[in-house]
Amino acid sequence: DTAVSQTPKYLVTQMGNDKSIKCEQNLGHDTMYWYKQDSKKFLKIMFSYNNKELIINETVPNRFSPKSPDKAHLNLHINSLELGDSAVYFCASSQGALAGSGVDEQYFGPGTRLTVT
Amino acid sequence: AQSVTQLDSQVPVFEEAPVELRCNYSSSVSVYLFWYVQYPNQGLQLLLKYLSGSTLVKGINGFEAEFNKSQTSFHLRKPSVHISDTAEYFCAVTRHSSASKIIFGSGTRLSIRP
């Protein structure tokens, strides 16, 4: 059974489109994250939710909007896609004894490779 | 603010040779330190972490790391590597605080030659 799953695995779309990436974890964790990994493998956190509440919101364009319908799901919606949005997006989760503390091991999904043409 | 520097972007090593991947951090407060591994086309997986106590930390797959506060380093080592260790390795740091995000280094690609 996959602990953290993401769909789709690959996403190719044109500039200006709106797209969503879904993430689900079956670990019973309280905290979930979205990361962006660029072409140089640089990994940066975008958002973090604890029990459906936003706790970390990095400086990302407001075209990116996370949504957490319940603590097992954290979806990422992107409006008006741009070329620079092309990257691999990773979802992760942790038990989060201290909300967003990073002390707990983070479990990563397999990633969604987004290509904007 | 914290930062992490991984000095080597690529490290080629022969199979069964020892390897050290270097990581230095900067922070004005106490930190927790981590090493994650990313195998090709996969997400990251925790190798080991330093929270407190013994400065020598042992992780999975035979890896270990040593926390050196005076040199602000957390180098990763393995005495004998295997082809299956080929991957990208990320050092990361976070503060001793709630709601603190993890900062990742730029990664080191470890390639094992037969």
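Everything here concerns the structure above.
Quantities reported herein were computed from a predicted structural model and do not represent experimental measurements.

A. Structural view of the overall build of chain A. Counting secondary structure elements, chain A contains 0 helices and 11 strands. A compact globule built from 117 residues would reach a C-alpha radius of gyration of about 13 Å, and chain A, at 13 Å, matches this within 12%. Structurally, chain A occupies a C-alpha span of about 40 × 30 × 30 Å along its principal axes. Considering only intrachain contacts with a sequence separation of at least 6, the fraction spanning at least 24 residues in chain A is 57%. One finds the centroid of the 12 positive side-chain charges in chain A at a distance of 7 Å from the centroid of its 12 negative side-chain charges.

B. Just the pairing of strand S8 (residues 73-78) of chain A, in detail. Residue and element names in this part refer to chain A. With burial as the criterion, only one face of S8 is covered, namely that bearing Leu74, Leu76 and Ile78; the residues His73, Asn75 and His77 on the opposite face remain uncovered. As defined by bridge partners, strand S7 (residues 64-70) adjoins S8 across 5 bridges and the pair is classed as antiparallel. From the neighbouring strand, serine 65 faces S8, where its bridge partner is histidine 77. The hairpin formed by S7 and S8 contains 2 residues between the paired strands.

C. Structural view of the sheet that holds strand S3 (residues 19-25) of chain A. Residue and element names in this part refer to chain A. In spatial order, the strands read S1-S3-S8-S7; together these 4 strands make up an open sheet with antiparallel pairing. Two strands lie at the open edges of the sheet, namely strand S1 (4-7) and S7, each paired on one side alone. Strand after strand, the sheet turns through a mean of 20 degrees between neighbouring axes, direction not considered.

D. Here's a closer look at the pattern of salt bridges. Inspection of every chain in the model, using the stated rule, returns 9 salt bridges over all chains. Between Arg22(B) and Asp8(B) there is a salt bridge; the shortest N-O distance is 3.0 Å. Separated by 14 residues along the polypeptide, Arg22(B) in the loop between strand S3 (19-21) and strand S4 (24-26) and Asp8(B) in the loop between strand S1 (3-5) and strand S2 (10-14) bring together distant segments of the chain. What makes Arg22(B) partly exposed here is its relative accessible area of 32%. A salt bridge links Arg109(B) to Glu88(B), with the nearest nitrogen and oxygen atoms 3.5 Å apart. Within this pair, whereas Arg109(B) is found in strand S12 (residues 108-113), its partner Glu88(B) is found in strand S10 (residues 87-95), the two being separated by 21 residues in sequence. Looking at Arg109(B), the relative accessible area reads 39%, which means it is partly exposed. Taken together, the salt bridges that share partners define one network made up of Arg63(A), Glu82(A) and Asp85(A).

E. Representation of the state of the cysteines within the structure. Residue and element names in this part refer to chain A. Summed over all chains, the structure comprises 2 disulfides over all chains. Through a disulfide, cysteine 23 is tied to cysteine 91; the S-S separation comes to 1.9 Å. Negative torsions about the S-S bond denote left-handed disulfides, and the value of about -75 degrees found for cysteine 23 with cysteine 91 makes this one left-handed. Separated by 68 residues along the polypeptide, cysteine 23 in strand S3 and cysteine 91 in strand S9 (residues 87-94) bring together distant segments of the chain. Owing to a relative accessible area of 1%, cysteine 23 belongs among the buried residues under this scheme. For cysteine 91, a relative accessible area of 0% corresponds to the buried category.

F. Structural context of the environment of Thr5(B). All names here are of chain B. Note on placement: threonine 5 falls in strand S1. Considered as a pair, threonine 5 and phenylalanine 104 are 99 residues apart in the sequence and their alpha carbons are 8.8 Å apart. Sequence-distant contacts of threonine 5, that is, excluding residues within four places in its chain, are made with Arg22, Cys23 and Asn24.

The rules we used
- Residues numbered from 1 in each chain as written.
- Chains lettered and ligands numbered in written order.
- Predicted model: local features only at pLDDT ≥ 70, side-chain atom pairs only at ≥ 80, totals over all residues.
- Heavy atoms only, no water.
- Helix = DSSP H or I, 4+ residues; strand = E, 2+ residues; numbered from the N terminus.
- Rg over C-alpha atoms; globule rule 2.2 N^0.38 Å.
- Contact = heavy atoms within 4.5 Å.
- Lys, Arg positive; Asp, Glu negative; His and termini not counted.
- Charge placed at Lys NZ, Arg CZ, Asp CG, Glu CD.
- Buried < 20%, exposed > 50% of the residue type's maximum accessible area, 1.4 Å probe, protein only.
- Pairing = 2+ DSSP bridges.
- Axes fitted to C-alpha atoms, helices over the stretch in contact; angles between N-to-C directions.
- Salt bridge = Lys/Arg side-chain N within 4 Å of Asp/Glu carboxyl O.
- Disulfide = S-S within 2.5 Å.

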